[in-house]
Amino acid sequence: WLLAEWLKRHCIKVKVSTADNYKQILTTHLMHEIGDMPFGSIIKRDMIDALENIQDASSAKMAERVRIYATCMFNWAHSEDLIDTPPTFGLKARTKKIERQRVLSPDEIRAIWRAADAYRAESSYGDFIKLLFLTGQRRTEIATMRRSEVCVDQSVYTIPDDRNKSGRTHEVPLSPQSLRIISPRLTDEYEHLFPASAARYAGQNSPDLIKRDKPMSGWSKMKKQLDQASGVTDWHLHDIRRTVGTNLSKLGVPRLTTSRILNHTEGGVTSIYDRHSYFEEKRDALEIWARHLDTILTPDGGENVVPLRQTTV
């Protein structure tokens, strides 16, 4: 009952995919351990035993995810006066959080881009990878891009507030290089610019296949193929985002502009009173980065890039 109520009343504020993830993880792992217990009777010892069993049956990483999600759920129950003390209070982490610092080198960027360029024609994965490099956005924000959210005349992709981590509408300026990837896809019949590779039959007893108009999926399989083709290993798609941010700084882009491009959540008084969109600053910075990316991809014939004057923010 508690899980269903939490998902219904609290998780309505989060993305559907996030709520589905909470439900899947907690139902599969935690409810298997404590699902028969009245939620008001669950104590800290019960949670410790449950997490230890989950760690033994699955992994420490999974046990830690369950701990984090369960903490959110029980804290909500406490705030709603459904329980007196959250049984997750003071539970130690099951794994040590390691902050990734991987930044792709120019040689690695070039190898990944060329592998993406050679990716099989019927897949949209190659263009998807290129757009991650050109925009610095999160993978889900590019994978779920829709035709109606792209304005070619203004060279902008607008991510709605319910589809990005910051929870606010986010405008992504599109460089000429980005538009060369996106524009041909706008003439396709699908609303999603990067649809799933999975297909369905057009009709009964028909040999013809039609792509589903759904965002791409099958991340791990496609990433493995890209690694094999590029020869670059031990990297995550999120490392592209860190690589873009690092290179923007090297090119002299002010930190605040980089933060706005990456759509980081800001805190404090400044975030309340600074309502400037920084759109032009973001456009200039992403075009500078795109030209610099050209020099990385074609070191003997790329365009020259003039970095911004160094500014401290």
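From a predicted model like this one, the values you see are computed outputs, not experimental measurements.

**Description of the confidence of the model for the protein**
The predicted coordinates should not be examined in detail at positions where pLDDT is low.
Part 1: Taken residue by residue, the protein gives an average pLDDT of 84. The fraction at 70 or more is 85%.
Part 2: Residue range residues 302-313 is modelled with pLDDT below 50. Its contacts to residues more than four positions away, or to other chains, number 23 contacts.

**What to know about the packing of aromatic side chains**
Part 1: Per the counting criterion, the structure on display carries five aromatic pairs.
Part 2: Aromatic pair F128 and F194: ring centres 6.2 Å apart, planes at 70°, arrangement edge-to-face. Separated by 66 residues along the polypeptide, F128 in helix α6 (residues 125-135) and F194 in the loop between α8 (176-182) and β4 (199-201) bring together distant segments of the chain. Grouping residues by exposure puts F128 and F194 together as buried.
Part 3: Among the aromatic residues, ring-to-ring pairing joins W6, Y22 and Y69 into one connected group.
Part 4: Seen from the ring of W235, K223 lies directly overhead, with NZ or CZ sitting 4.2 Å from the centre.

**Quick notes on the nonpolar core**
Part 1: Judged by nonpolar contacts, the single largest core of 49 residues is most densely connected at Y125, F128, I129, F133, M145, L237 and I240.
Part 2: When contributions to this core are tallied by element, the ones reaching two or more residues are α5 (106-117), α6, α7 (139-143), β2 (156-159), α8, α9 (219-230), α10 (238-250) and α13 (279-297).
Part 3: Ranked by residue count, the leading element in this core is α13, at eight residues.
Part 4: A19, M73, F74 and I83 belong to the second largest nonpolar core, which has 28 residues in total.

Parameters at a glance
- Residues numbered from 1 in each chain as written.
- Predicted model: local features only at pLDDT ≥ 70, side-chain atom pairs only at ≥ 80, totals over all residues.
- Heavy atoms only, no water.
- pLDDT = per-residue confidence, 0-100.
- Contact = heavy atoms within 4.5 Å.
- Phe/Tyr/Trp six-rings, centres within 6.5 Å; stacked < 30°, edge-to-face > 60°.
- Helix = DSSP H or I, 4+ residues; strand = E, 2+ residues; numbered from the N terminus.
- Buried < 20%, exposed > 50% of the residue type's maximum accessible area, 1.4 Å probe, protein only.
- Lys NZ or Arg CZ within 6 Å of the ring centre and 35° of its normal.
- Core = buried A, V, L, I, M, F, W, Y, C linked by side-chain atoms within 4.5 Å.

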